[in-house]
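Residue-level structure breakdown
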Amino acid sequence: MNDMTHDSYTTEDGRTIGGVVMEMKNITLRFGGVVAIENISFDIREGEIRAIIGPNGAGKSSMLNVISGFYVPQEGDVFYKGQKRPPMRPYQVAQQGIARTFQNIALFEGMSVLDNVMTGRLRQMKSGLLAQALWKGKAEAEEVANREAVERIIDFLEIQHIRKTPVSRLPYGLKKRVELARALAAEPSILLLDEPMAGMNVEEKEDMSRFILDVNDEFGTTIALIEHDMGVVMDLSDRVVVMDYGKKIGDGTPDEVRNNQAVIDAYLGVAHD
Amino acid sequence: MFYREAGDFKTTYAADSQTFPIKFDRFRYYAVSFVAFLIIPFVINDYWVNAIFLPFLIYSIAAIGLNILVGYCGQVSLGTGGFMAVGAYGCYKLMTAFPEVSIFFHVLLAGGITSIVCVLFGLPSLRIKGFYLAVATLAAQFFLVWLFNRVPWFYNYSASGQINAPERTVFGIEVTGPNTEAWATYLFCLVFLTICALIARNLTRGTQGRTWMAIRDMDIAAEIIGVNPLKAKISAFAVSGFFVGVSGALFFSVYLGAVEVGEVFGINKSFLVLFMIIIGGLGSIFGSFAGAAFLVLLPVLLKNVLVGMLGWPTDLAAHLEFLIIGGLIITFLIAEPHGLAQLWRVAKEKLRLWPFPH
């Protein structure tokens, strides 16, 4: 799949998948003697939903952390929009347009939902400290413009009723949605979702799946997600990377992956004789 | 019932993010400003100004400053006394070096100088957090006091080692020196407090405030959504330093007039301002006012009650005062760990529904 051409193509449901927007090349990440990721390469195309799956401890979250700049791999390169990305701090990666959510919710508990989502738009906030201190002209205009954008996302994710509620008072499922809203508010070119459906019941999973598909469909956002629920992954994603013990053991469409012997072995176990 | 927001609809986002979104609050603010600016100056006398109003106004500025750093940005500081000293000595040096410039600008510049010093001592915050940072700022406290004690240049080589505020005027009216009028000093400090409170509110309700709070609540998540931790922390130290410097400058020049640094700006001062924001409420501008009022007014009130009304000897009352205030602080913090501001919020919730329980 990786040596496919970079031409765009159209999926069965009529979405256009563009060229490669991010490419991981021979990434190796070690923590001391532990090899978390070993020589993995894959790419993410514009507009697609790309899943990363694998058993516990396979290195999926580490991979996401490499993409979002939290870990710097010892070997290998990350190419973003055709350019090799120099080592950079996570906030610089965010400013390039890569937003993410976390496996364990990482919202700002002391702030309201609205403020949380507004923090997602820091990339679009340009006014200086002095302008903000006076709250006149550019600062106020910027606040209002960004508020409008944020309100669209709040509408989109159906969290209008909790706009002013402190995040600490929300139940788990809503917190997950607020976190998605905060990531979306950045208008990212790549959205990374780390187990967006962990710990949810069936209805909440259905809601979340709907939101993920809608986001991809309406905003054309490229999404890379980690998920354990196989049904969800197979239904949502265009292409799947499978990892096990830090190695890539499969890459392709859901159907290809489902029939890959190495993947089946990793998930079901294999008799050693 | 008494406190309502029903029917108070917003039709623009600008209206929704204003300083007092609720009409009732807005009118209360206008009323308080009216009384503070147009009524109190006419009835104020020397006792009220020196015992209550000046300390309250000046400590409020310091508390707002520290609250931005500790309450909004989550960086603990025990160096407030030292930073106030920087403001005081900065103001003194400016007053004596440039006598022709208005004291108004001296105070602002002293704030600016403190801001720079505060940033310098805030640099360790990039590496260390919590208690360890508190200890690092404690070093600032002791170093700065030592510096102002030991380097004669700071006190213009005066024999006593003290600094004395020369007489300075604003619009021809004396605000520093021995011959000031009560209303003039009061208004001078009130203007600074108003400016500082408005700036603090503007900063905390907008992008900058959200950046600070993001760092406070979860610094790793903040960095991943695009907050530059260096800029966020340093800006908090800078803004906080400015306010604390202004309060130090006013404390020296307008309130005390003469300062011996170890006595006035010692570690006690740092703790006092820290207690103010803890009792008032971390992360709340109103809490800064409430905390300052609590710790300034309560001793005065107690002294008046114990000595004035009950006729106890002064020394006994002075010692009992410590006991009672200490006890009250503990009671308060057990009953409401989030301070007076939270108490006020709960009261508003109750008033909104009164007389119905739900």
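Residues numbered from 1 in each chain as written. Chains lettered and ligands numbered in written order. Predicted model: local features only at pLDDT ≥ 70, side-chain atom pairs only at ≥ 80, totals over all residues. Heavy atoms only, no water.

What about the confidence of the model for chain A?
Across chain A, the average pLDDT comes to 87, with 97% of residues at 70 or higher. The least confident element of chain A, judged by mean pLDDT, is strand 1 (residues 9-10) of chain A at 78; the most confident is strand 10 (residues 222-226) of chain A at 93. (pLDDT = per-residue confidence, 0-100. Helix = DSSP H or I, 4+ residues; strand = E, 2+ residues; numbered from the N terminus.)

Digging into a nonpolar patch on the surface
On the surface, a nonpolar cluster with roughly 620 Å² of combined accessible area is contributed by B:Phe34, B:Val35, B:Leu38, B:Ile39, B:Phe42 and B:Val43. Secondary-structure assignment places B:Phe42 in helix 2 (residues 23-43). (Patch = residues over 30% accessible without salt bridge, like charges linked within 9 Å, V, L, I, M, F, W, Y side chains within 5 Å. Areas by Shrake-Rupley, 256 points an atom, 1.4 Å probe, with all protein chains shown as cover. Salt bridge = Lys/Arg side-chain N within 4 Å of Asp/Glu carboxyl O.)

Some words on the sheet that holds strand 10 of chain A
Residue and element names in this part refer to chain A. The six strands lie next to each other as 8-9-10-5-11-12, forming an open sheet whose pairing is mixed. Of all the strands in the sheet, the pair left with one neighbour each is strand 8 (98-100) and strand 12 (247-252). Mean inter-strand twist for the sheet, computed between neighbouring axes without regard to direction, equals 20 degrees. Pairing between strand 9 (residues 190-194) and strand 10: five bridges, direction parallel. By the bridge assignment for strand 10, aspartate 194 is matched with isoleucine 226. Its contacts with the sheet put helix 6 (residues 172-185) on strand 8 and strand 9, and the angle it makes with strand 9 is roughly 160 degrees. Against the sheet, helix 7 (residues 202-219) makes contact with strand 5 (49-53), strand 9 and strand 10, and its axis sits at roughly 155 degrees relative to strand 10, the strand it touches most. (Pairing = 2+ DSSP bridges. Axes fitted to C-alpha atoms, helices over the stretch in contact; angles between N-to-C directions. Contact = heavy atoms within 4.5 Å.)

Quick notes on the pairing of strand 11 (residues 239-244) of chain A
All names here are of chain A. Here strand 11 lies mainly inside the structure; six of its six residues are buried. Going residue by residue along strand 11, you find Arg239, Val241 and Met243 tucked away on one face and Val240, Val242 and Asp244 tucked away on the opposite face as well. Taken together, the five bridges between strand 11 and strand 12 define a ladder with antiparallel strand orientation. Looking across to strand 12, one finds that valine 241 is bridged to aspartate 251. (Buried < 20%, exposed > 50% of the residue type's maximum accessible area, 1.4 Å probe, protein only.)

Focus on the packing of aromatic side chains
Residue and element names in this part refer to chain B. In total, this model carries 24 aromatic pairs over all chains according to the counting rule given. Taken together, a centroid distance of 5.2 Å and an interplanar angle of 55 degrees make the contact between phenylalanine 251 and tyrosine 255 tilted. One end of the pair is phenylalanine 251 and the other is tyrosine 255, both in helix 10 (residues 229-256) and four residues apart, which spans about a single turn. Judged by relative accessible area, which is 3%, phenylalanine 251 ranks as buried. Counting every residue linked through ring pairs, the aromatic cluster contains Tyr59, Phe251, Tyr255 and Phe265. (Phe/Tyr/Trp six-rings, centres within 6.5 Å; stacked < 30°, edge-to-face > 60°.)

Description of empty space enclosed by the protein
Unoccupied space between atoms shows up once a probe the size of one water molecule is rolled over them. Inspection of the entire model under this criterion finds four cavities of 30 Å³ or more. Computed from the structure, the largest cavity encloses a volume of approximately 70 Å³. As for the largest cavity, its lining consists of A:Ala94, A:Ile98, A:Ala99, A:Arg100, A:Gly120, A:Arg182, A:Ala183, A:Ala186, B:Ile224 and B:Ile225. Those elements that provide at least two residues to the lining of the largest cavity are strand 8 and helix 6 of chain A. Considering each element in turn, the lining of the largest cavity owes the most residues, three residues, to strand 8 of chain A. (1 Å grid on protein atoms, 1.4 Å probe; cavity = no way out; pocket = protein on both sides within 12 Å on 5 of 7 lines; lining within 4 Å. Points joined across faces, edges and corners; volume = space filled by probe spheres on them.)

Quick look at the packing of helix 3 (residues 46-72) of chain B against helix 7 (residues 182-205) of chain B
Residue and element names in this part refer to chain B. Packing of helix 3 against helix 7 leaves a shortest axis separation of 10 Å and a crossing angle of 15 degrees. Judged by the inter-axis angle, helix 3 sits roughly parallel to helix 7. The chirality of how helix 3 crosses helix 7 is left-handed. Note on element contacts: helix 7 touches helix 3 through Ala182, Thr185, Tyr186, Cys189, Leu190, Phe192, Leu193, Cys196, Ala197, Ala200 and Thr204, opposite Asp46, Val49, Phe53, Leu54, Leu57, Ile58, Ser60, Ile61, Ile64, Ile68 and Tyr72. (Parallel < 35°, antiparallel > 145°, perpendicular 65-115°, else oblique. Left-handed = near helix turned anticlockwise from the far one by under 90°.)

Comments concerning the nonpolar core
In terms of nonpolar packing, the biggest core is built from 111 residues, with B:Val107, B:Tyr186, B:Phe188, B:Trp212, B:Leu250 and B:Phe265 touching the most fellow members. If you tally residues by element for this core, the top one is helix 3 of chain B, at 16 residues. Those residues within four positions of B:Phe188 in sequence are excluded, and the remaining contacts are B:Ile103, B:Phe104, B:Val107, B:Val170, B:Val175, B:Leu250 and B:Val254. With 46 residues, the next largest nonpolar core counts A:Val117, A:Leu170, A:Ala185 and A:Met234 among its residues. (Core = buried A, V, L, I, M, F, W, Y, C linked by side-chain atoms within 4.5 Å.)

Observations regarding helix 14 (residues 314-335) of chain B
Residue and element names in this part refer to chain B. In a regular helix each residue adds 1.5 Å, so 22 residues correspond to 32 Å; helix 14 covers 31 Å between its end C-alpha atoms and thus fits that length. If you check which residues of helix 14 are buried, you get Ala317, Glu321, Ile325 and Ile329. Along its buried surface, helix 14 packs onto helix 12 (267-280) and helix 13 (285-309). (Expected span 1.5 Å × (residues − 1).)

A short note on the sheet that holds strand 4 (residues 34-45) of chain A
All names here are of chain A. Reading across the sheet, the four strands line up as 4-3-6-7 and stay open at both edges, with antiparallel pairing between neighbours. Among the strands making up the open sheet, the edge pair consists of strand 4 and strand 7 (83-84). Against the sheet, helix 1 (residues 60-67) engages strand 3 (20-31), strand 4 and strand 6 (75-80), with an angle of about 120 degrees to strand 3.

Structural notes on the domain arrangement of chain A
Residue and element names in this part refer to chain A. Under the domain assignment, chain A is made up of domain 1 (1-97 + 189-273) and domain 2 (112-187). A separation of 27 Å is found between the C-alpha centroids of domain 1 and domain 2. If you look at the interface, domain 1 gives 22 residues, while domain 2 gives twelve residues. A combined buried area of about 1,300 Å² lies between domain 1 and domain 2, and 71% of that area is made up of carbon and sulfur atoms. The tally of links from domain 1 across to domain 2 stands at two salt bridges. The shortest N-O distance in the salt bridge between glutamate 158 and arginine 210 comes to 3.6 Å. Summed over the shared surface of domain 1 and domain 2, the result is three residue pairs in polar contact (both at pLDDT 80 or more). Those elements giving two or more residues to the side of domain 1 that touches domain 2 turn out to be helix 2 (90-95), strand 9 and helix 7. When residues in the side of domain 1 that touches domain 2 are grouped by element, the largest group, nine residues, is from helix 7. Of the residues belonging to the side of domain 1 that touches domain 2, the class tally is ten nonpolar, five polar and seven charged. (Domains from an automatic or database assignment. Buried area = accessible area lost by both parts, 1.4 Å probe. Polar contact = N/O pair within 3.5 Å; in protein donor to acceptor, adjacent residues only side chain to side chain. Nonpolar A, V, L, I, M, F, W, Y, C, P; charged D, E, K, R; others polar.)

Topic: the layout of surface pockets
All names here are of chain B. Estimates place the volume of the second largest pocket at around 880 Å³. What lines the second largest pocket is a set of 25 residues, among which Leu272, Leu295, Pro299, Glu321 and Phe322 lie closest to the centre. Taken together, the elements giving at least two residues each to the lining of the second largest pocket come down to helix 3, helix 11 (261-264), helix 12, helix 13 and helix 14. When the residues that make up the lining of the second largest pocket are grouped by side-chain class, the tally is 17 nonpolar, four polar and four charged.

Topic: the interface of chain A and chain B
Taken together, the contact between chain A and chain B spans 36 residues of the former and 29 residues of the latter. Taken together, the two surfaces of chain A and chain B that pack against each other cover about 3,000 Å², and 65% of this comes from carbon and sulfur. Where chain A touches chain B, the interface holds three salt bridges. With a shortest N-O distance of 3.2 Å, A:Glu143 and B:Arg210 are connected by a salt bridge. Here chain A is connected to chain B by eight residue pairs in polar contact (both at pLDDT 80 or more). Looking at the side of chain A that touches chain B, the element that brings in the most residues is helix 5 (residues 138-156) of chain A, giving seven residues.

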